[in-house]
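Read off the chains here:
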Amino acid sequence: MPSIELHIENNIATVTLNRPETFNSFNREMALLLQKTLDDCQVNDEVRAIILTGNGKAFCAGQDLNEVTSPELNPGFRKILEEHYNPIIERIRAIEKPIIAAVNGVAAGAGANIALACDIVVATEGARFIQAFSKIGLIPDSAGTFFLPRLIGFQKASALMMLGDKVSAKDAEKLGMLYKVFDTETFEEQVNKLATQLAHMPTKALGLTKRLLNQSMTNNLDQQLAMESDLQIEAAESEDYAEGVNAFIQKRKPVFKGR
């Protein structure tokens, strides 16, 4: 079985981490295949929303430690970061389509931080988020030190990273780490409902919004206002804008095409 599964239906690409026997921990093959799969989703016009989830009991347990402790398989931490995780995070943020992290179980280490880099994070009731790095003498990577403090504040992020506490899905929701927690029984249905809603929205505008949010991390106010002006003009030239205005005037539901 491939370590990454891709299923496209109704303008939704479901990307599934598929190493359940290792709690979907990453080895080199899976990391490179995820990058390729995200690239495919980016250029496929049929795809207007992406779900990233895991197969089995876990979302992702982070790095496969069997790989890094194997003399034959270990690529070394520089290669792991610069060729595996950093490009994954960069792709998640660069794809101008909404990406939902559907956290179906434990998300630990790089697995947790990959989820937090997505546009919308939802979780099942039994999910847990763990900044597990300090437990084995490492530092948080996969942009965890970038996103987590911005999501929940410096003090909380510092404590979670240093102590390596498990955070329940409900507590993660309260802290602002994720958007919503869904019942285990209806999780897949609720995720698909959310993805369907996103897939029928003006994809161009959502992508430009994502670009603005990315730049808001480093822009000052004047830079952000200028960028909003430029991208609003670009959005106003889209087919979806024309459809949205016409639908509003005609008092009907808009039919967006993602253009």
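As shown above, the structure is provided for reference.
Residues numbered from 1 in each chain as written. Predicted model: local features only at pLDDT ≥ 70, side-chain atom pairs only at ≥ 80, totals over all residues. Heavy atoms only, no water.

### Points about helix H11 (residues 239-249)
Threshold: Under the scheme applied here, a residue whose accessible area is under 20% of the maximum for its type counts as buried, over 50% as exposed, and between as partly exposed, the area being computed with a 1.4 Å probe on protein chains only. Put simply, DSSP H or I for four residues or longer makes a helix, DSSP E for two residues or longer makes a strand, and each gets a number counted from the N terminus. Regarding the arc, it is the one traced by the directions from the helix axis to the C-beta atoms. Any two residues whose heavy atoms approach within 4.5 Å at even a single point are treated as in contact.
Taken together, the buried positions of H11 are occupied by Asp240, Glu243 and Ala247. Taken around the axis of H11, the buried residues stretch over an arc of 60°, which confines them to a single face. Those residues of H11 that are exposed and aimed more than 90 degrees away from the buried face are Phe248 and Ile249. The secondary structure elements touched by the buried residues of H11 are helix H9 (203-216). Downstream of H11 by one or two residues, lysine 251 has phi in the positive range, about 55°.

### Here we look at a nonpolar patch on the surface
Condition: The patches reported here contain residues having more than 30% relative accessible area and no salt bridge. Joining distances are 9 Å for like charges and 5 Å for nonpolar side chains (Val, Leu, Ile, Met, Phe, Trp, Tyr). To measure how exposed things are, a 1.4 Å probe is used in the Shrake-Rupley method; for residues, cover is taken only from the protein chains shown. Definition used for salt bridges: Asp or Glu carboxyl oxygen within 4 Å of a side-chain nitrogen of Lys or Arg.
A contiguous nonpolar patch, built from Leu65, Phe77, Ile136 and Leu138 and spanning about 360 Å² of accessible area, is present on the exposed surface. Considering the arrangement of structural elements, one finds phenylalanine 77 in helix H3 (residues 77-94).

### Focus: the pairing of strand E1 (residues 4-9)
Along any regular strand, the residues point their side chains to alternate faces of the sheet. Note the threshold: The rule for pairing is simple: two strands pair if DSSP sees at least two bridges between them.
Pairing of E1 with strand E2 (residues 12-17), which is carried by six bridges, proceeds in the antiparallel orientation. Paired with glutamate 5 across the two strands is threonine 16, which belongs to E2.

### A closer look at the sheet that holds strand E7 (residues 120-124)
Rules: Interaxial angles span 0 to 180 degrees and are taken between N-to-C directions of axes, which are lines fitted to C-alpha atoms, for helices over the stretch in contact.
Sheet architecture is open: six strands sit in the order E1-E2-E3-E5-E7-E10, paired in mixed fashion. Looking at the sheet topology across the chains shown, the edges are occupied by E1 and strand E10 (180-182). With strand direction ignored, the average angle separating the axes of adjacent strands in the sheet is 20°.

### Some remarks on the packing of H9 against helix H10 (residues 221-236)
Heads up, the rule is: The labels follow the angle: roughly parallel below 35 degrees, roughly antiparallel above 145, roughly perpendicular from 65 to 115, and oblique for the rest.
Two elements in contact, H9 and H10, have axes separated by 10 Å at closest approach and are oriented at 170°. As the angle between them shows, H9 and H10 are arranged roughly antiparallel. Where H9 abuts H10, its residues Lys204, Leu208, Arg211, Leu212, Gln215 and Ser216 lie against Gln224, Met227, Glu228, Leu231, Glu234 and Ala235.

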